[in-house]
Amino acid sequence: MWYKVGAFIIRKRLILLFGLFIATLFMGWEASKVQLSYDFTRALPTDNPKYLEYQDFLKKFGGDGNTMVMGIQSDNFYTTAFFNELAKLPVALKKIPGVTDVLSIPEVVALQKDTTNKRFLPVTIFHPPYQNQAALDSQRRVFENLPFYRNLLYNPDTHSYLLAISVNKDTINSKSRTRLITDIQQQIRAFEKNAKTQVYSSGLPFIRTTIGNRIKKEMSLFLLGSLVLLVITLLLFFRSVSATLMSLLVVSMGVVWSLGTLVLLGYKITLLTALIPPLVVVIGIPNCIYFLNKYHTAFRETNDQEKALITMVGRMGIVTLFCNIAAAIGFAVFALTHSDLLKEFGEVAGINIMVLFLISLLFIPPVLSYLPPPKSKHTRYLDNAFLEKLLLRVERWAFHHARWVYGVTLLILVFSIIGIFRIKSEGFIVDDLPKNDKVYTDLKWFEQNFGGVMPLEIIVDTKRKKGIFRIKPIEKIDEFSAYIANNPATAKPLSFVEGLKFAKQAFYDGDSLSYTVPYESDLLFMAPYLESKGDTNTQKKGLAKLINSFMDSTQEIARISVNMKDVGSSKLPVLLSDFDHKAHEIFDTANYKVTFTGSSISFLEGSSFIIRGLKESILWAFLLITLCMLYLFRSFRILLCSLIPNVIPLLVTAGVMGWAGIALKPSTVLVFSVALGIAIDVTIRFLINYKQELPHYNFQVPNTLVQTIRHTGISIIYTSLVLIAGFVIFCISDFGGTKALGWLTSLTLVVGTLTNLILLPVLILSTARKPTASKPADQA
């Protein structure tokens, strides 16, 4: 059948090339419309309880994680020159499109009791610019007499000060976020230069934007670098510019089709789908090498270009088809999960790996038919003396040292299994950054001085309207907030209760000792002052704005906002369990419902969900690939022989991760999917060639194995070297996840090549049935 397909492709080559060219132009037009996604919660399925709780929170309170912070540590903070320079910064920041508010010490307010109109008036404490140090010191004392701001905007123990920049949620979740963060950083750097001080920057918008931009830049550079390395490697192997350019055109068309597919399916580029173009390169290059290798081999045997091309398709068509089917299955199973992020990745990757097979089949033979026949220098790699000696050693190991092969394999497996038990599944929001990176060190500065910047939201539902403005829930919220504040992993919580304490201090003429939870009698006296009345603009800047932002419109639900450290996905459940246990002690479940949510929880829960989804998908992929192999070879014995060389590389990689202390996270779990698809390609290539050669050698297993090792060994080694060259460039990345993807995949490729070249022949030879008078030795 495949020989007929080869003849048809050569006969209709012009029509096929023209059709492929037109289709690729269309997909290129669609690919030009591709957009980036800035939604970080889509990793969770829409029916996930954490997702639903977070969406409910967003409906009631608008959002969290939209605050960027900058910090200063200086003993000269309250000198006139420094303070005057700092006072210019919030003014400049508020002029930036996308900045909605700035909370800074130069603009803080105190509450003043207006006994005539029974209301609290917000009064600005500081009045820069200052010419007189005494005036600044006097107003500093007024400010430091307000406990509300202590450990919120300043840490008196470390002389650290904080400025909070609120940004528009629509802007920070769009492509304008880079412009917004860049504009903010420009103003901060200008202040840093003028004030001659160091400024620390952090917050979820800043971290996400900075890391996202770096990853985008790195992936583009590494994709380009991988292609350059692949070009150099292909040129060294094939000594043919035309063959190299043809291979690049194949993977380039694959990349264009993958981006076009994203647009046609209505998807955007996400953290996962951004990996599809490099994966297309990884899967496409072996297609080219296998076809070229068989073409060169067939041409040397026949010295007829057309026959060589038909033989190439006839012998390699089914091999490449099943290699691509196995790889497509490895990724398409992600579409079976309940996560939109994983579904999109699985659908697009699975579809385009099969499209890549069609591109290779319809493009390579026609193009080669128009090119001159290969010269002797183009096929010289087939007579590589070093590789021939190496393959002779492989033969010797398979036929004469099987026990040594099994023994070494067993020792490696024991080493790997011990390492697997050392693997931890833990992810951090900034865990991929090197420890000396400024984003990482600045985050640690905020954690040390202000308890962290990662948002945690706690919702207290009193289950009745106006239920939170009663003394019992107020006392309970304050008790719970105090418990949270004493935890070293969290900062000072903020809720409407802190606003009431602030109001009580103002009601009793600014006495700092009155900054306590109001008694029931206090609430009665303060009630007229707490009502929203008078000048609406004044109220929006004062107490009413503070209190209303921490309760819903019915005053049934209260919000406690906490900033916490980046404790990681492993410690976060322990921390939340502790808080939940305390919440059940304080709030009786009959009258209250306490929920923990926030973008930090959604982000880490999403990472954990992706890891679980990837683990399950790998198992499904392995099962489906097993069925595919069983259908292809129709032999349980050959099936067993084929699976073992592919399981071992995955176990070795997992073991090395355990010994090296590399945690399971989305970027590292993905290695196993990539590795499984690549390693199984080598096995299919070897076994199909073995199956095709078996009748030619009268079903004699030893003779067939010798021929298979010699014929497929060189192409397998060349393919592995090219792929390793493509992945090894990722090892120079500054991101731990990208670096791990590079060297772990390279390691898996090396181990997979060795197991398929050495262990697979040993397994086939050891399990081969002895020939009988009436039955061949093996009909696998």
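As a reminder, the structure under discussion sits directly above these lines.
All chains use their own residue numbering, which begins from 1 and follows the written sequence. pLDDT decides what is reported in this predicted model: residues at 70 or higher carry local features, side-chain atom pairs at 80 or more are listed and counted, and totals for whole chains, interfaces and linings draw on all residues regardless. Computation of side-chain values covers all heavy atoms of the structure but excludes hydrogens and water.

Participant: With reference to specific residues and values, describe a nonpolar patch on the surface.
Facilitator: Exposure above 30% relative accessible area and no salt bridge define the residues that can form patches, which grow by joining like charges within 9 Å and nonpolar side chains of Val, Leu, Ile, Met, Phe, Trp and Tyr within 5 Å. To be clear on the numbers: accessible area is Shrake-Rupley with a 1.4 Å probe, and residue cover counts the displayed protein chains and nothing else. The rule for a salt bridge is simple: a side-chain nitrogen of Lys or Arg has to be within 4 Å of a carboxyl oxygen of Asp or Glu. Together, Leu336, Trp620, Leu623, Leu624 and Leu627 make up a nonpolar patch on the protein surface, roughly 500 Å² of accessible area in all. Helix numbering and strand numbering both begin at the N terminus, where a helix is a DSSP run of H or I of at least 4 residues and a strand a DSSP run of E of at least 2. On the secondary structure map, Leu336 appears in the loop between helix H11 (305–332) and helix H12 (340–370). Only protein chains enter the accessibility calculation, which uses a 1.4 Å probe; a residue is then buried when its area is under 20% of its type maximum, exposed when over 50%, and partly exposed in between. Judged by its relative accessible area of 59%, Leu336 is exposed.

Participant: An account of the packing of aromatic side chains is requested, with residue identities and associated values reported.
Facilitator: The criterion for an aromatic pair is that two Phe, Tyr or Trp rings (for Trp, the six-membered ring) have centres within 6.5 Å, with stacked assigned to planes under 30 degrees apart, edge-to-face to planes over 60 apart and tilted to the rest. In the structure shown here, the tally under the stated rule is 35 aromatic pairs. On the basis of an interplanar angle of 85° and a centroid distance of 5.9 Å, the ring pair of Tyr78 and Tyr161 is categorised as edge-to-face. Of the two residues, Tyr78 sits in the loop between strand S1 (67–73) and helix H4 (80–94) while Tyr161 sits in strand S6 (residues 160–167), which places them 83 residues apart along the sequence. No difference in accessibility class separates Tyr78 from Tyr161, as the two residues are buried. Ring centres 4.9 Å apart and planes at 45° place the aromatic pair Phe83 and Phe126 in the tilted group. You can see Phe83 sitting in helix H4 and its partner Phe126 sitting in the loop between strand S4 (119–124) and helix H5 (133–144), a full 43 residues away along the chain. For the cation-ring pair, Lys435 lies above Tyr440, with the distance from its terminal atom to the ring centre recorded as 5.2 Å. Taking the ring centre of Tyr631 as reference, the NZ or CZ of Arg634 above it sits at 4.6 Å. Ring-over charges, as used throughout, are those where CZ of Arg or NZ of Lys falls within 6 Å of the ring centre and within 35 degrees of the ring normal.

Participant: Explain the packing of helix H23 (residues 636–660) against helix H26 (residues 736–767) residue by residue, including any values.
Facilitator: For helices, the fitted axis covers only the stretch in contact; all axes are lines through C-alpha atoms, and the angles between them, taken along N-to-C directions, range from 0 to 180 degrees. Here H23 crosses H26 at 150°, and the two axes come no closer than 8 Å. With respect to H26, the element H23 is oriented roughly antiparallel. With respect to the hand of their crossing, H23 and H26 are arranged in right-handed fashion. Residues are grouped as follows: Ala, Val, Leu, Ile, Met, Phe, Trp, Tyr, Cys and Pro are nonpolar; Asp, Glu, Lys and Arg are charged; every other residue, Gly included, is polar. Here the contact of H23 with H26 is composed, by residue class, of 17 nonpolar, eight polar and one charged. Reported orientations rely on four angle classes, namely roughly parallel under 35 degrees, roughly antiparallel over 145, roughly perpendicular from 65 to 115, and oblique for the rest. Two helices cross in a left-handed way if the nearer one is turned anticlockwise from the farther one by less than a right angle. They cross in a right-handed way if the turn is clockwise.

Participant: Account for H23, with residues named and values stated.
Facilitator: An ideal rise of 1.5 Å per residue puts 36 Å on 25 residues; H23 measures up with 36 Å between its terminal C-alpha atoms. Counting buried positions along H23 yields 18 of 25 residues, so the element is predominantly enclosed. Just downstream of H23 lies Gly661, where phi reads positive at about 75°. What a helix is expected to span follows from its residue count: subtract one and scale by 1.5 Å.

Participant: Residue-level account of the sheet that holds strand S10 (residues 593–597), with values.
Facilitator: Within a sheet, each strand pairs with its neighbour through backbone hydrogen bonds, oriented either parallel or antiparallel. Strands sit in the order S9-S8-S10 across an open sheet of three strands; the sheet is antiparallel. Of all strands in the sheet, those bounded by a partner on one side alone are strand S9 (557–564) and S10. Pairs of neighbouring strands in the sheet enclose a mean axial angle of 20°, with direction left out of account. For two strands to be treated as a pair, DSSP must find no fewer than two bridges joining them. Pairing between strand S8 (residues 454–461) and S9: eight bridges, direction antiparallel. In the sheet register, Ile458 faces S9, and the bridge partner there is Ile560.

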